[in-house]
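Fold and geometry: a report
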Amino acid sequence: MGTAVVTGGGNGLGAELCRALAARGHDVVVADIDLAAATAVAGTIDAMPHALDVADRAACQDLAASLPDLEVWINNAGLLAVGPSWETDEVRRRLLFEVNVHGTINGTEAALSRFLPAGRGHVLNIVSTAGIVPAPHETIYGATKHAALAYSVGTQLDLRIRGRKDVRVSALCPDGMWTPMLFKLARDPDAWPSWSGGMMQPGEVADVAMRVLDRPRIVKVHPRWRSVLRVGAAFPGAVAPLLPVIVRDAKRKQRKFAEREGL
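So, how was this worked out
- Residue indices follow the written sequence of each chain, beginning from 1 at its first position.
- Whole-chain, interface and lining totals are the exception, using all residues; otherwise, since this is a predicted model, local features are given only for residues with pLDDT of at least 70 and side-chain atom pairs are given and counted only at 80 or more.
- Excluded from the side-chain calculation are hydrogens and water; included are all heavy atoms of the structure.
- Each cavity reported here is a set of points on a 1 Å grid over the protein atoms alone in which a 1.4 Å probe fits but cannot get out, each pocket an open set with protein on both sides within 12 Å along at least five of seven lines, and each lining residue one with an atom within 4 Å of a point.
- Grid points are joined across faces, edges and corners, and a volume is the space filled by probe spheres set on the points.
- Only runs of H or I of at least four residues qualify as helices and only runs of E of at least two qualify as strands under DSSP, and these elements are numbered from the N terminus.
- Under this grouping Gly is polar, as are all residues other than the nonpolar Ala, Val, Leu, Ile, Met, Phe, Trp, Tyr, Cys and Pro and the charged Asp, Glu, Lys and Arg.
- Where helices are involved, their axes are fitted lines through C-alpha atoms of the stretch in contact, as for all axes, and angles between N-to-C directions lie from 0 to 180°.
- Reported orientations rely on four angle classes, namely roughly parallel under 35 degrees, roughly antiparallel over 145, roughly perpendicular from 65 to 115, and oblique for the rest.
- When the near helix sits turned anticlockwise from the far one by under a right angle, the crossing is termed left-handed; a clockwise turn instead gives a right-handed crossing.
- Contacts between residues were defined by any pair of non-hydrogen atoms, one from each residue, lying within 4.5 Å.
- Polar contact is the term for a pair of N or O atoms within 3.5 Å; when the atoms are in protein, one must be able to donate a hydrogen and the other to accept it, and sequence-neighboring residues count only if both atoms are side-chain atoms.
- To count toward a patch, a residue needs a relative accessible area above 30% and no salt bridge. Like charges then connect within 9 Å, nonpolar side chains (Val, Leu, Ile, Met, Phe, Trp, Tyr) within 5 Å.
- Computed by Shrake-Rupley with a 1.4 Å probe, the accessible areas treat only the displayed protein chains as cover when residues are assessed.
- We define a salt bridge as a side-chain nitrogen of Lys or Arg found within 4 Å of a carboxyl oxygen belonging to Asp or Glu.
- In this charge count, Lys and Arg are treated as positive and Asp and Glu as negative; neither His nor the chain ends contribute.
- In this description, the location of a charge corresponds to atom NZ of lysine, CZ of arginine, CG of aspartate or CD of glutamate.
- Accessible area is worked out with a 1.4 Å probe on protein chains only. A residue is then buried under 20% of its type maximum, exposed over 50%, and partly exposed in between.
- An expected span of 1.5 Å times one less than the residue number is assigned to each helix.
- This arc is taken over the directions from the axis of the helix to the C-beta atoms.

The next thing to look at is the layout of surface pockets. Taken as a whole, the second largest pocket spans an internal volume of roughly 170 Å³. Contributing to the lining of the second largest pocket are Val208, Arg211, Val212, Arg215, Arg217 and Lys220. Considering each element in turn, the lining of the second largest pocket owes the most residues, three residues, to helix α7 (residues 202-214). Along the lines of polarity and charge, the residues of the lining of the second largest pocket split into two nonpolar, no polar and four charged.

This is the structure in structure tokens:
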């Protein structure tokens, strides 16, 4: 197994992805803007920590160029904003696009700069079901994830057109997960969309990611039943009348979670 990079590898899903890759025999680079968090994870799996701001294109390129036998690059780093779109301030909005969109592009281009000459490699972009269907109260976040999904699919099709079946780009769109980010939002009334689907453990999603690496797909939605969201994306007018029911159920689940965890 070659070298694998995971951005945002210092906690949550990123940490689980690093552990799963290490278990498969990869030399793992735990890349995170928080070097202390990356070092803590790396220390548990004999991996290499690396301070990386994914919004810095040159830094991504430098990291890719420095690694021998680069084989896998997972763009996992991401940020979330909740609430009506017009209440997200400009600084936060720009930061979400820098990390969720430009960070995905920067990492993908850095990896491809090594994969294309080598004739092998797989980029896996962690998107979200928010990239499948627009979610109220996660509008800015959803906009960035739609962009990340379009970029991932378009890049894979560009590779296909050029006959490059040896290099792959995939997008994994998981539903909500029990991560530290959600614990922080447990009492935020604007965060209800995160509880609107099926909640999963990060380890479960990491296992799905490994299966995508083994059997590449352009887009993988998990859990599979959430693929129905594509219907909602195609017919938003039909979904709109259901929103009151969806919101009530999500807020009920959020409230129960907060009470159970004592938050």
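Let's shift gears to the packing of helix α4 (residues 90-118) against helix α5 (residues 139-161). Put simply, α4 and α5 touch, their axes get as near as 8 Å, and they point 15° apart. Classified by the angle their axes make, α4 and α5 are roughly parallel. Classified by chirality, the crossing of α5 by α4 is right-handed. Residues Arg93, Leu96, Phe97, Asn100, Val101, Thr104, Ile105, Thr108, Glu109, Leu112 and Leu116 of α4 form the contact with α5, whose participating residues are Ile140, Tyr141, Ala143, Thr144, Lys145, Ala147, Ala148, Tyr151, Thr155 and Leu159.

Among the structural elements, asparagine 106 can be located in helix α4. A polar contact of 2.9 Å, which involves the side chain of asparagine 106, links it to the backbone oxygen of valine 54. Setting aside residues no more than four positions away along its own chain, asparagine 106 makes contact with Val54, Ala55, Asp56, Arg57 and Cys60.

Moving on, we come to a negative patch on the surface. A cluster of acidic residues, Asp53, Asp56, Asp62 and Glu98, forms a negative patch on the protein surface. By the secondary structure assignment, aspartate 53 is in the loop between β3 (48-51) and α3 (57-66).

This brings us to a positive patch on the surface. Together, Arg215, Arg217, Arg224 and Arg230 give the surface a local cluster of positive charge. Tracing the backbone shows arginine 217 in the loop between α7 and β7 (219-222). According to the relative accessible area criterion, arginine 217 is partly exposed, its value standing at 44%.

This paragraph deals with helix α10 (residues 243-261). End to end, α10 covers 27 Å across 19 residues, agreeing with the expected 27 Å (1.5 Å per residue, within 8%). What α10 keeps buried is the set Val247, Ala250, Gln254, Phe257 and Ala258. Across the axial projection of α10, the buried residues extend over an arc of 95°, all falling on one side. Across α10 from its buried face, at more than 90 degrees, point the exposed residues Val245, Arg248, Glu259 and Arg260. Tucked inside the fold, the buried residues of α10 contact α6 (180-184). Glycine 262 occupies a position one or two residues after α10 and carries a positive phi of about 70°.

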